[in-house]
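Architecture at a glance
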Amino acid sequence: MKLHKESTGTIIVASIVFALLAFLSVYFLKEWSLLIIIPLLIIYGLVFWFFRVPQRDILAHKENVIAPVDGKVVMIKEVEEDEFIKGKAIQISIFMSPLNVHICRYPVSGKVIYKKYHPGKYLVAWHEKSSTENERTTVAVESLTNHKVVFRQIAGYVARRIVFYCNEGDAAKAGHEFGFIKFGSRMDVFLPLDTEIVCKIGDKTKGGIDVIAKMQA
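Residues numbered from 1 in each chain as written. Predicted model: local features only at pLDDT ≥ 70, side-chain atom pairs only at ≥ 80, totals over all residues. Heavy atoms only, no water.

- An unreviewed UniProt entry lists the protein under the name Phosphatidylserine decarboxylase family protein, with Chryseobacterium manosquense as the source organism.

Structural data, given as structure tokens:
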């Protein structure tokens, strides 16, 4: 199983903690140590599972808006996007549980024209205000269909580390990685009002694969 590059520090810490607790369990509990070691092994395995990088065949897209993450669609509504679009947009929000793949992918192809990191709170990720009050990043892409598309990584109550690797001027390729969020969080995508939405609330998405909307050519 291939692991994400963001896993290194977490796995080192987890390995040290696991080894220490396992040693103490065997030393003090003797034959009862398995009561501690088995749950620890499950948690240790989940750390590796969280950082997995699945093999996915990413296609080229022009009009299609691709799910940027694995998760569940929890919001589709018309909103005011005040940071970059500065006007009305359709917001699609996808919530990720700690068991989802947490690679963040470009939803559209085009050119990165804006990026910014915002420090903030750690409200639960499904809270509507988390989009504007939580720690987050904002990226905007000028799509191949000449639309401005904004998307936002949002840290949640558990997720305390979000990273994004893109820079202004970079080529964005729909479905390809631009960042990562650790341990449960949310992604918001803001689209023009005339975009055709093809997903619905409650849908489970596979990042880089599933089409969630279609832009006007």
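Now, onward.
1. Focus: helix H2 (residues 34-50)
- With 17 residues, H2 extends 24 Å from end C-alpha to end C-alpha; this agrees with the ideal 24 Å at 1.5 Å per step.
- Packed against the buried residues of H2 are helix H1 (7-29) and strand S10 (177-181). (Helix = DSSP H or I, 4+ residues; strand = E, 2+ residues; numbered from the N terminus. Expected span 1.5 Å × (residues − 1). Contact = heavy atoms within 4.5 Å.)

2. A few points about unusual backbone geometry
- The residue Lys-30 is not glycine, and still its phi comes out positive at about 55°.
- Relative to the elements of secondary structure, Lys-30 occurs in the loop between H1 and H2.
- Despite not being glycine, Lys-86 has its phi angle at roughly 55°, a positive value.
- Looking at the element boundaries, Lys-86 is found in the loop between strand S2 (71-81) and strand S3 (87-96).
- With a relative accessible area of 60%, Lys-86 lands in the exposed category. (Buried < 20%, exposed > 50% of the residue type's maximum accessible area, 1.4 Å probe, protein only.)

3. A few points about the sheet that holds strand S1 (residues 64-66)
- As summarised here, the arrangement of the three strands in space is S1-S14-S12, forming an open sheet in which the pairing is antiparallel. The sheet is open, and its two borders are formed by S1 and strand S12 (196-197), each paired with just one other strand.
- Note: S12 against strand S14 (residues 211-214), two bridges, orientation antiparallel. Bridging across to S14, Glu-196 finds its partner in Lys-214. (Pairing = 2+ DSSP bridges.)

4. Here we look at the pattern of salt bridges
- Evaluated as defined, the whole model comprises eight salt bridges.
- Of the charged contacts in the structure, one is a salt bridge between Arg-152 and Glu-83, with a shortest N-O distance of 3.2 Å. Here Glu-83 lies in the loop between S2 and S3 and Arg-152 lies in strand S7 (residues 148-155), a separation of 69 residues in the sequence. Glu-83 carries the same exposure label as Arg-152, and that label is buried.
- Here Glu-142 and Lys-148 are joined by a salt bridge, their closest N and O atoms 3.4 Å apart.
- With relative accessibility at 23%, the residue Glu-142 sits in the partly exposed group.
- In this structure, a network of salt bridges that share partners links the residues Glu-78, Glu-80 and Lys-88. (Salt bridge = Lys/Arg side-chain N within 4 Å of Asp/Glu carboxyl O.)

5. Looking at the layout of surface pockets
- Counted as a void, the second largest pocket has a volume near 150 Å³.
- Forming the walls of the second largest pocket are Lys-2, Val-53, Pro-54, Gln-55, Arg-56, Ile-58, Arg-105, Gly-175, His-176 and Glu-177.
- A per-class count over the lining of the second largest pocket returns three nonpolar, three polar and four charged. (1 Å grid on protein atoms, 1.4 Å probe; cavity = no way out; pocket = protein on both sides within 12 Å on 5 of 7 lines; lining within 4 Å. Points joined across faces, edges and corners; volume = space filled by probe spheres on them. Nonpolar A, V, L, I, M, F, W, Y, C, P; charged D, E, K, R; others polar.)

6. Description of the side chain of Ser-109
- Following the sequence through the fold, Ser-109 ends up in the loop between strand S4 (103-105) and strand S5 (110-118).
- Side-chain polar atoms of Ser-109 contact the backbone oxygen of His-61, separated by 3.3 Å.
- Within the local environment of Ser-109, its side chain forms a polar contact with the backbone nitrogen of Ala-174, the two atoms lying 2.9 Å apart.
- Sequence-distant contacts of Ser-109, that is, excluding residues within four places in its chain, are made with His-61, Val-141, Glu-142, Ser-143, Leu-144, Ala-172, Lys-173 and Ala-174. (Polar contact = N/O pair within 3.5 Å; in protein donor to acceptor, adjacent residues only side chain to side chain.)

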